[in-house]
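# Overview (structure and organization)
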Amino acid sequence: MAEEQVIVGLEVHCQLDTKSKLFCGCSTDYRSDGPNTHVCPVCLGLPGAMPVLNKRSIEYAMRVAKALNCSVLTESEFSRKNYFYPDLDKAYQITQYDKPLAEGGYLEIESDEGGEKRIRITRIHVEEDPGRLVHMGTTERGKYSLVDYNRAGIPLIEIVSEPDMRSPKEARKFLNKLRATLEYLSVFDSEKEGSLRVDANISIKGSERVEVKNISSYKGVEKALLFEITRQKSLLRRGQKVDRETRHYLEARGVTQSSRSKEQEHDYRYFPEPDLRPLHVQAWVDGIVLPELPDARRERFIAQYGCSLNHARTLTGELRLANFFEKVVAADPKGLAPPAATWIADTLIGELNYRNMSIDAVDADGFTELLTLLRQGTITDKSGIEVLRVMLDQRLNKQSCETPAVIVERLNVRKVISVSLEQSLSASIVPNPILTAITEVLTEQPGATEDFRKGKKGAFNFLIGQLMKKTRGCADPAELNRLLKEELTKKGV
Ligand SMILES: [Zn+2]
């Protein structure tokens, strides 16, 4: 079979980070509160309750539209999407259908080949989130489910892409870039559970398209796509065909499963929402000034701090990371930026992922201090990693946090000899630290050297003791003995 081309399009639902819900004044800050505590007649859909549009959520949606190079429609409109599901107690969702807020944009990502690639955006529309079902037991064999309407009415935007992605990796890059852009716009908080959910359209060129719904974690997308592509390819290789269908992603098992329900567009009986007026917001969108976005910041990091393209991409790929970097290097951008870029991008991120920690938990001042110790050659890169791990573990375990200098002393990892920055970067060209220590000890202890010359045996042991102290017990005693004898002989002592 010829090369099977993978075609992926995404529909991304993002919660807009407003203070109140889309059509009522209920607070969106519900995650630490009990179920059904952030509800009112409007978001519960009680008879006679009238929706009032939250202006801020439309402003947020327009920022996104502008950042994604979309054109905002002269007139957009809310519609009712009618269906029954227990998490939707009013039996319709207020969304946008044939007149969405914005259409026709694009987002640039790094393609698999390395260059920039445009992923076209079909449309962006605003809608309300339904409530949330909590299944007691597993989805398949739970005894019952509980419903929580705290989430009902939270503003969402749905961003629909064209099927322009060619691999799960490109889909991940698209989501990364999209998430970063939304965070730079201050309209979205990716750290909040459930703030981003994805449906994916996947096909192998020439075959039917499958929609995979309910990918609720950001990390699940790549896995769900990989599973689905493998499933489709193996069907085709066995001469079977791929059915056009909707499947659900079962996160815990990492598989997709055919959905029994098969709604079609016309089943939803869309009609314009009678309680809300059409939107005319074009003049408003022209007045919106966008902040610095990831691409611009990436270019600035390269120009201002001399970051490599890869480091700049990584550092600006997340708002928190970019802010952390700039905070860390603020005191001395010229000196600190090169090690900061390397240490954050190549070491810190991995250590954070390993601990499932957020960059917010890292103390920027402490990190600057660690970089300074490394630059001064007080510790080696290897010890630097050890110190960093202690710093992160103390934060993670909510222990009292020591400064890097204190950790260095406690772990006893101070380098024996101070070397210059260049030397610390390449441990192999550091002069033999034992020899340097011997020279130092002999200069510092002329008395003991003289005693040894006079034949006092204790003097040799005293010098060894001094050397052990200087090398912090890191040197091999036999090696110390041999080298000290050699040096003393050379000096004619
Ligand atoms: Zn409400």
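Values in this document were obtained by computation on a predicted structure and should not be read as measured data. (Residues numbered from 1 in each chain as written. Predicted model: local features only at pLDDT ≥ 70, side-chain atom pairs only at ≥ 80, totals over all residues. Heavy atoms only, no water.)

Below, the discussion takes up the overall build of the chain. If you tally the helices and strands in the chain, you get 16 helices and 14 strands. Against the 2.2 N^0.38 benchmark of 23 Å for 493 residues, the chain shows a C-alpha radius of gyration of 31 Å, more extended than a compact globule. Projecting the C-alpha coordinates of the chain onto the three principal axes gives extents of approximately 105 × 55 × 50 Å. Here the chain holds 493 residues, and 47% of them are scored as buried. Long-range pairs, those at least 24 residues apart, make up 69% of the contacts in the chain between residues at least 6 apart in sequence. When the accessible area of the chain is evaluated, it comes to approximately 25,000 Å², of which 51% is carbon and sulfur surface. Counting 71 positive and 71 negative side-chain charges, the chain places the averaged centre of each group 4 Å from the other. (Helix = DSSP H or I, 4+ residues; strand = E, 2+ residues; numbered from the N terminus. Rg over C-alpha atoms; globule rule 2.2 N^0.38 Å. Buried < 20%, exposed > 50% of the residue type's maximum accessible area, 1.4 Å probe, protein only. Contact = heavy atoms within 4.5 Å. Areas by Shrake-Rupley, 256 points an atom, 1.4 Å probe, with all protein chains shown as cover. Lys, Arg positive; Asp, Glu negative; His and termini not counted. Charge placed at Lys NZ, Arg CZ, Asp CG, Glu CD.)

Quick look at the coordination of the zinc ion now. Distances from the zinc ion to its protein donors, Cys 24 (SG), Cys 26 (SG), Cys 40 (SG) and Cys 43 (SG), fall within 2.3 to 2.4 Å. Considering all four donor atoms around the zinc ion, the spread of angles at the metal, 102 to 114°, places the coordination shape in the tetrahedral class. Summarised as a motif, the one-chain spacing of the donors to the zinc ion is C-x1-C-x13-C-x2-C. With Cys 24 in the loop between β1 (6-15) and α1 (55-67) and Cys 43 in the loop between β1 and α1, the pair connects residues that are 19 residues apart, well separated along the chain. Accessibility assignment for this pair places Cys 24 and Cys 43 in one class, buried. (Donors = N, O, S within 2.8 Å, 3.2 Å for Na, K, Ca; no water. Tetrahedral: all angles 85-135°; square planar, octahedral: opposite > 155°, others 65-115°.)

The pairing of strands in a sheet happens through backbone hydrogen bonds and is either parallel or antiparallel. Judged by pairing direction, the sheet is mixed, and its nine strands sit side by side in the order β2-β5-β6-β9-β1-β10-β11-β12-β13 without closing on themselves. Only two strands of the sheet have a single partner each, and these edge strands are β2 (71-72) and β13 (255-258). Direction of pairing for strand β5 (residues 102-110) relative to strand β6 (residues 116-128): antiparallel, over a ladder of eight bridges. Counterpart to Tyr 106 in the pairing with β6 is Arg 120. (Pairing = 2+ DSSP bridges.)

Attention now moves to the packing of aromatic side chains. The tally for this structure, following the rule as stated, stands at nine aromatic pairs. Taken together, a centroid distance of 5.1 Å and an interplanar angle of 40° make the contact between Phe 301 and Phe 325 tilted. Residue Phe 301 is located in helix α5 (residues 294-305), and its partner Phe 325 is located in helix α7 (residues 319-329); the two are separated by 24 residues in the primary sequence. Owing to a relative accessible area of 0%, Phe 301 belongs among the buried residues under this scheme. In this structure Phe 325 comes out as buried when scored by relative accessible area, which is 0%. Feature note: the residues Tyr 83, Tyr 97, Tyr 268 and Tyr 270 constitute an aromatic cluster, connected by ring pairs. Taking NZ or CZ as reference, Arg 80 lies 4.0 Å from the ring centre of Tyr 92, over its face. (Phe/Tyr/Trp six-rings, centres within 6.5 Å; stacked < 30°, edge-to-face > 60°. Lys NZ or Arg CZ within 6 Å of the ring centre and 35° of its normal.)

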